[in-house]
Amino acid sequence: MNKNYILKTSIAVRCLAVFLMIVFSTNFSEALAQSKTISGTVSDNYGMTLPGVSVLIKGSTQGTVTDLEGKYVLTSDGDIGTLVFSYIGYTTQEVVLGNQNVLDITLEEDLLGLDEVVVVGYGVQQKKDITGATSSISKEDMNQGAITNPLQQISGRAAGVNITQIGSEPGSRPTVRIRGITSLIGGSDPLVVIDGVQGNLDLLNQVPPSEIESIDVLKDASATAIYGSRGAPGVIIVSTKRSKSGQATIEYTGSVSVDQIANELEVLDAEGWREQARIWNVPFSEDHGSDTDWYDILTQTGMTQNHTVALGGGSQNFNYRASVSAILQDGVVINSSNKNYIASISATQKAIDDRLTMTFTMNNSIRQNIGSPGGVGRAGFTSNLISNAYVSKPTDPVLFENGDYFFDPNVFQYINPYAVAETIINERESRSQFTTFRTDFEIIDGLKAGWFGSWRKVDVNSGYYAPAASTLAGAIDQQGIANVNTNLTDEKLMDISLAYDKDFGKHKINAIGVYEWQRQTYQGHFAQTKGFINDLTEYHALQLGSVSRYLPGDISSYKNDRTLVSFLGRVNYSFADKYILTASMRRDGSSVFGEEHKWGHFPSVSAAWRIGDEGFMQGQNLVSTLKLRAGYGITGNQQGLSPQQSLQLVGASGSTYFNGGLITNFQVTQNANQNLQWETRRQTNVGIDFGFAQDKINGTIDVYTATTDNLLFNYAVPQPPYPFGSIAANVGSLRNDGLELALNYHLLDNSDWSITLAGNVTFMRNEVERLSGTIGGVEVNTNYVGWGFNSYLIEGQPIGTFYILENDGKESGTNEELVVDRNGDGVIDQGNESPDRYIAGTALPTFTYAFTPTVKFKNFDLSMVWRGSGGNMIFNRIRRDFSLYESLGKSNMLVSAENLGLFTSQYASDLWLEKGDYVRFENLAIGYTFNTAKIRNISSMRLSVVGNNLALFTKYSGLDPELNLSGGNGSGLDAGIYPRTRSIAVGLHVSF
C-alpha cells in the first residue's frame, strides 16, 4: 500500500471520528499544588497531529482527548502510572509515565483495523475474507429523516434487497425480500438478529434507528446456512452502538417532520357528480343537496417525532450504554397514530487479564397504536377508510340536522366514513422486552468458549368497539360490537460455543462449533359480544352485552409451542491471505414436522481467490482489488407452519340438540401428515469484488440461482380418503435467478470536497417449476391456482402471473364492457383455466435499482436516494370499482371514468391492468456539522434537513405503484392503501 493512499485513508478516518475536545467544567486551579499534570502532542507516523485521541489513565475512568492541534493536558491528584492512547484506525499504545511531565506520542496506523468488518453468523469477518454474498451498511451510509423502522434506513442501499413501503399508516412496517420469493406458504421474511437475539421483522420495532451502528445482510446460502432453518429467506443482522473505554458521553438525537399526503385520486366534486347524474339519468332523490369533500374532512397534516437520549462511558475493563427513545406518529388520516417508547441498557465487563468477557443487554418497548379502520365499506366494496372517502357521494351530508351522523337507508350497507373515523375504537398495545447475557472465556491462546442466552417476551392486547352510530351495517344490526384480543409470545434461546482462531505462518484457521436450543411458546384468547344499551364502556365491559347474541366463535383461546434444537459448525481457512475456503454444516431438529422428518441437514461451502494480491497483478496501477467468490449451500424453512401442523386436529362445528339439550358438534379441521418435512432451498452464487485506481472505483457483481424443493403449500385433496378438504404438504418447487451489481465511484476527495456516486441494480426472475405431485399415494393436479385478483400460480410461469381476459371495447347502446372471445366458441369462460384468458405479465418486478450519491463540502454534507423498479403489472381494482356508472347513484366516481363511458361490466379484464414501473426521489438530506472547539462541554453537533418521498415518476394512475410485492396471495393488486406521505424533517444530533 503506497504512502499517499495511506495518508488519504488516514485523513478520511480522521474526518469520520468524533474529534472535538470534551471540556471539563471542574475548576482544577485549587488542586494544582497537590496534583500532577502531564501534557503532550499526539501525531501519526507522518507527523500529522491527531485530534480526538483518547488519553486514559490505565485502571481508572479519568482521562481526556486531544484538541484540534493534537495536544492534551491531563491532571491527576494521584500517581498517573500508565497512560493509554487510543484512536480509531490506529494501534492502541500503553506508556509508563515515570517522572515525565511532557509526553509526545506517535501512533502507528492499524491497517487491519481500517479493513471493513462484516458481521456474519456467530461471529465477524474482515470484508476481504468474505466468501459469500453479503451487504454491509454503516451508520454513516444509512438514510436519514422521519425514520420509524430500521428497514427504512437501508432502503435502496443494498443490491438484491427489495424493501417496499405500502402507504404511510402509523406503526406499519415495510416488507423486505432478499433475492426474491423463497416460499409460498412457508414465509419469505428474512431472519432478524439484533445483538444475538433472533426474531421476525417485528423485532426491529424494539431498536431505535439512531442507536444502530451497522446493518449486515446475508444473502446467499453459503452465508445464511449457518442459521439453518431460519436463514432460508436471508438474514438481517443489526449491531447496536457500544460505548468506548475512556469516553463518557451524553447524546441527543432527534427529528421532527411534517407529513403531507403526496398524491390523491381525482374524483367528482358535487357539481361534477350532479352533471354526470343528469347525463346518466340518476334519480333526483339520490342527490341529498350537500357539497361534501369527504377526503378533506378525513385527512390532516401528520407529524412524526423521533427523540433519543443516550449516555455511555467506561474504563479499560468496563463500558456501558443506556438509551431512551420515543417515536411518535400522528397520521394523515384522522384518529390514526402510533407511539413507540423504547429503553435499553447494555454493559460489558472484562476480567481475568481480559480473558473473560461478559455482556448484558436489556431492552423494553411499549407501542400504542390507534389504527384507521380497515375492511369496511358497502356491499361489493370493502377497503380502508380513506378509500371509502373516495367512494362516498359528495352530495351526501356528514350530519343530519339533528346532529346525528348521516345514513342513507336506500343504499345497502351504506357507511358514513367520517362516522366510522370518529366513533370506532381500534386500539392496540404491544409490550416487548428482551434480555441477553453473553460470556466468552479464552481457555488458551486462540481457543475461546462461549455461552449466550436470550429471553424475549411480547404481549399484545387489542380492543375494538363499533357502536351503532358508526353506520356499519353489522354494528347497527347487533346494537354495537366489542371485542378484546390478547396474544402472548415467549421466546427463549441458548447456545454454547467453542471457537478456535489461530495463524500458522501463511495458514489461518478460524473454526466454531455451536449447540443451540430455541423454544417459542404462543398463547392467546379472544372474546366478543354484541348488543349494548349504550356506548359508555366501549370494549372494557364485555359482560354488559346481550347473551342472546352470542355465536360460536365469539370466544376462543389457544396455547402451543415449538422447539428447535441445532448443532452447527463452521471452518474458515485462509492460505497466504489469497486463497480462502469456508465450509459449514448445521443439523436442525424441529417439533413441527412429522415423526420421521424432524431433522434436516444444511451444508454450505464457499471459496474466494484474491487475484489482486497475486504476484502477476503487482507493478500495475489500474486494478487495486480483484476477488473471485463462489459458493453453494442448502437452507431449510419451517416458517408459516403452526406448531401442530403435522397432526390431525378436531374443532367445534356448530351445535345441535341432544337429549333435550344443546351440545357442541365437532369435526376434523386439519388432516394429519406424518410426511410433512423441511422445505429446502439450494442456492449457487458466483461473485466478483473489484476496485480500480486505488479503489476509487469499486463494486461487486453477483450471479445466483436458487431452487426451493419440497415446497410447502396447502393442497386441495379428495374427501375421502381425507376427512378434510386440504392438507399442508411438500410437493412442488420454485426457482429464482438473479444478477446483482453494486458500484461506487469516489469522484473527488480532498480537504474541502468529497463526492461519491453510488448505486446498485438487480435483475431477477422467478418461476413456479412444479405444483402437482403425489401426497400419501393420492395424485394432486395443482395448476392455475388463484393467487390474487386475476393473478395465478401457473407451472412454468412467475409467481402471481396475470392470466386475464382481454378488453374489446364496449357495446354500443348499453355501454357494457366487451372482452375478446379468444377461442371463438361464442362463450366467455371466466374459469381459472379458461382458453379465453391470456398471460399478460407478472405481479412482481423483474428489476430494481437505486442511485445514492453523497457530497461533502467542508462542514456541509448532502446525500440522496433515488429508487425504482419495473417489469411488473398492477391490477387497479380501485379504478375499476370507481369507473362504472351503474354505481353513480350510490357512490362517487373517478373523473377519468368520463373518458371510458362504461356503464357496467361482468369482467375484470386487462382494461384495469397497468404497468407498475416507477422512479422515486426517496430521500434528500442536507446537514451541517458545527465546529464545537470553542463551545463548552459540547463535543459534536450536527443539524440536518431531510425530505422524504419528494417526487414520484410513473405512468400508473393509482395513488402509488409501491404495493404488495411480498409474493403472497394478493400481490400486484391495488384495492386501496393508506396514503403515502411526503415529509420534511429537521434533525439535531448533539454529543456532550
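No experiment lies behind these values; they were computed from the predicted model shown.

Things to note about the environment of T529
Mapped onto the elements of the fold, T529 is located in strand β25 (residues 507–530). Relative accessible area serves as the criterion here: at 13%, T529 is assigned to the buried category. It is 35 Å that separates the C-alpha atoms of T529 and E286, two residues lying 243 residues apart in sequence. Aside from chain neighbours lying at most four places away, what touches T529 is G480, I481, A482, L542, G545 and S546.

Observations regarding the sheet that holds strand β48 (residues 913–915)
Pairing is mixed across the open sheet formed by 3 strands, whose spatial order is β48-β47-β51. Whereas interior strands pair on both sides, the edge strands pair on one side only; in this sheet they are β48 and β51 (973–974). Pairing of strand β47 (residues 873–876) with β48 involves 3 bridges; the strand directions are antiparallel. Residue pairing for β48: M873 is matched across the bridge by K915.

Description of helix α5 (residues 270–279)
Every buried residue of α5 is listed here: A270, G272, W273, Q276 and A277. All buried residues of α5 project into a common sector of 160 degrees when viewed along the axis, lining one side. For α5, exposure combined with an orientation more than 90 degrees from the buried face picks out E271, R278 and I279. Structurally, α5 contributes buried residues whose contacts are with α11 (897–900). Where α5 terminates, the next one or two residues include N281, which has phi positive at roughly 60 degrees.

Re the pairing of strand β34 (residues 726–749)
Bridge analysis of strand β33 (residues 697–716) against β34 gives 18 bridges, and the strand direction is antiparallel. Along β34, the bridge assignment pairs T707 with R735. Where β34 meets strand β35 (residues 753–770), 16 bridges bridge the pair, whose relative direction is antiparallel. If you follow Y745 over to β35, its bridge partner there is L757.

A few points about the packing of aromatic side chains
All chains considered together, the criterion is met by 30 aromatic pairs. Three or more aromatic residues joined by ring pairs make a cluster, and in this case those are F400, F406, F407 and Y414.

Quick word on the side chain of S944
You can see S944 is positioned in strand β50 (residues 940–954). Sequence-distant contacts of S944, that is, excluding residues within four places in its chain, are made with Q144, I926, G927, A985, V986 and G987.

Here's the deal with the environment of T932
Mapped onto the fold, T932 is located in the loop between β49 (918–929) and β50. On the basis of relative accessible area, T932 is assigned to the buried category, the value being 0%. Polar side-chain contacts of T932 include one of 3.4 Å to the backbone oxygen of I938.

Re the sheet that holds strand β1 (residues 36–44)
Neighbouring strands of a sheet are bound in pairs by backbone hydrogen bonds; such pairs are parallel or else antiparallel. Here we have 3 strands laid out as an open sheet, ordered β4-β1-β7, and mixed in their pairing. The sheet is open, and its two edges are formed by β4 (71–76) and β7 (105–107), each paired on a single side. In this sheet, neighbouring strand axes are inclined to one another by 30 degrees on average, regardless of whether the strands run parallel or antiparallel. Taken together, the 3 bridges between β1 and β7 define a ladder with parallel strand orientation. Bridging from a neighbouring strand, S43 pairs with T106 of β7.

As for the pattern of salt bridges
Under the definition given, this model contains 39 salt bridges. Taking the shortest distance from any N to any O, the salt bridge between R179 and E740 comes out at 2.8 Å. Taken together, the residues span a long stretch of sequence, with R179 in the loop between β12 (175–178) and β13 (191–194) and E740 in strand β34 at a distance of 561 residues. A single burial state applies to R179 and to E740, both of which are buried. R867 is paired through a salt bridge with E922; the nearest N and O atoms lie 2.5 Å apart.

Considerations on the pairing of strand β41 (residues 807–810)
The side chains of a regular strand alternate between both faces of the sheet. Pairing between β41 and strand β42 (residues 817–819): 2 bridges, direction antiparallel. Considered in β42, the bridge of K810 is made with E817. Taking the residues that link successive antiparallel strands as the turn, the β41-β42 hairpin has 6 residues, and the phi of G813 there is positive, at about 100 degrees.

Structural notes on a negative patch on the surface
Side chains of E264, D269, E271, E275, D291, D293, D296 and E898 sit close together on the surface and give a patch of like negative charge. Position of E271 relative to the elements: it lies in helix α5. Classification of E271 by relative accessible area gives exposed; the value is 64%.

Rules of the game
Residues numbered from 1 in each chain as written. Predicted model: local features only at pLDDT ≥ 70, side-chain atom pairs only at ≥ 80, totals over all residues. Heavy atoms only, no water. Helix = DSSP H or I, 4+ residues; strand = E, 2+ residues; numbered from the N terminus. Buried < 20%, exposed > 50% of the residue type's maximum accessible area, 1.4 Å probe, protein only. Contact = heavy atoms within 4.5 Å. Pairing = 2+ DSSP bridges. Arc of directions from axis to C-beta. Phe/Tyr/Trp six-rings, centres within 6.5 Å; stacked < 30°, edge-to-face > 60°. Polar contact = N/O pair within 3.5 Å; in protein donor to acceptor, adjacent residues only side chain to side chain. Axes fitted to C-alpha atoms, helices over the stretch in contact; angles between N-to-C directions. Salt bridge = Lys/Arg side-chain N within 4 Å of Asp/Glu carboxyl O. Patch = residues over 30% accessible without salt bridge, like charges linked within 9 Å, V, L, I, M, F, W, Y side chains within 5 Å. Areas by Shrake-Rupley, 256 points an atom, 1.4 Å probe, with all protein chains shown as cover. Lys, Arg positive; Asp, Glu negative; His and termini not counted. Charge placed at Lys NZ, Arg CZ, Asp CG, Glu CD.

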